[in-house]
Amino acid sequence: MAYWLMKSEPDVFGIDHLAERPDQIEPWDGVRNYQARNMMRDQMRPGDGVLFYHSNCTLPGVVGIAEIATQSRPDPTAFDPEAKYFDPKSDPDNPRWYLVDVRYVRHLKRTITLAELKEHSADLLKDMPLVRKGNRLSIMPVTPEQWNFILSLE
DNA sequence: GCCAACGTTGGC
DNA sequence: GCCAACGTTGGC
């Protein structure tokens, strides 16, 4: 079982939206970055743990825990000309983009802020892309050590 | 294959 | 709203 961190903008789709979904599950569509795609397509497995991160907001940070609910499958929004993330270069016979379903587990008791996590960017979290300047990766692997450490801050 | 231009992310 | 950092695109 592996661990991940997944970013989302709370104004668009935050942890509260996930918790309020029927079955508390949501397809993680719209990812259009190859590194992030490869992780979803090739490495994520049902049951993997997810740190749910809020980005582009007043208090960026880890706000909850989710889990991977399904194996990856092609992202249908890439084939839909009406969809925001339509990609004419993605062919149903040879899909370019993939998604997994994400299931809500729980809110954290408080937000573990990016500022707090950055305090550990020289030691415990030094290999985590999240705490590096200019990082834009929306999905990243988390080691068991990082997972345990971050949640110990709760 | 190089690289400038462009668009997006996301903290602040 | 600003802007640094970065990924992608497309001309050559």
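Residues numbered from 1 in each chain as written. Chains lettered and ligands numbered in written order. Predicted model: local features only at pLDDT ≥ 70, side-chain atom pairs only at ≥ 80, totals over all residues. Heavy atoms only, no water.

Under an unreviewed UniProt entry, chain A has the name EVE domain-containing protein and belongs to Thiorhodococcus mannitoliphagus.

Asker: Whenever I open this one, the layout of surface pockets confuses me. Can you help?
Answerer: With a probe scaled to a water molecule rolled over the atoms, the places where space remains empty come into view. Estimates place the volume of the largest pocket at around 700 Å³. In terms of lining residues, the largest pocket is bounded by 21 residues, among which Lys7, Ser8, Asp29, Gly30 and Tyr85 are the most central. Counting residues per element, the ones that place at least two in the lining of the largest pocket are β1 (3-8), α1 (10-13) and β2 (25-27). The class makeup of the residues in the lining of the largest pocket is seven nonpolar, seven polar and seven charged. (1 Å grid on protein atoms, 1.4 Å probe; cavity = no way out; pocket = protein on both sides within 12 Å on 5 of 7 lines; lining within 4 Å. Points joined across faces, edges and corners; volume = space filled by probe spheres on them. Helix = DSSP H or I, 4+ residues; strand = E, 2+ residues; numbered from the N terminus. Nonpolar A, V, L, I, M, F, W, Y, C, P; charged D, E, K, R; others polar.)

Asker: Quick question: what am I supposed to make of the nonpolar core here?
Answerer: Burial of nonpolar side chains together is a common tendency in soluble globular proteins. Judged by nonpolar contacts, the single largest core of 42 residues is most densely connected at Leu5, Trp28, Met128 and Ile139. With five residues, the single largest contributor to this core is strand β4 (residues 61-68). Excluding residues that lie within four positions of it along the chain, methionine 128 makes contacts with Leu5, Met140, Val142, Gln146 and Ile150. (Core = buried A, V, L, I, M, F, W, Y, C linked by side-chain atoms within 4.5 Å. Buried < 20%, exposed > 50% of the residue type's maximum accessible area, 1.4 Å probe, protein only. Contact = heavy atoms within 4.5 Å.)

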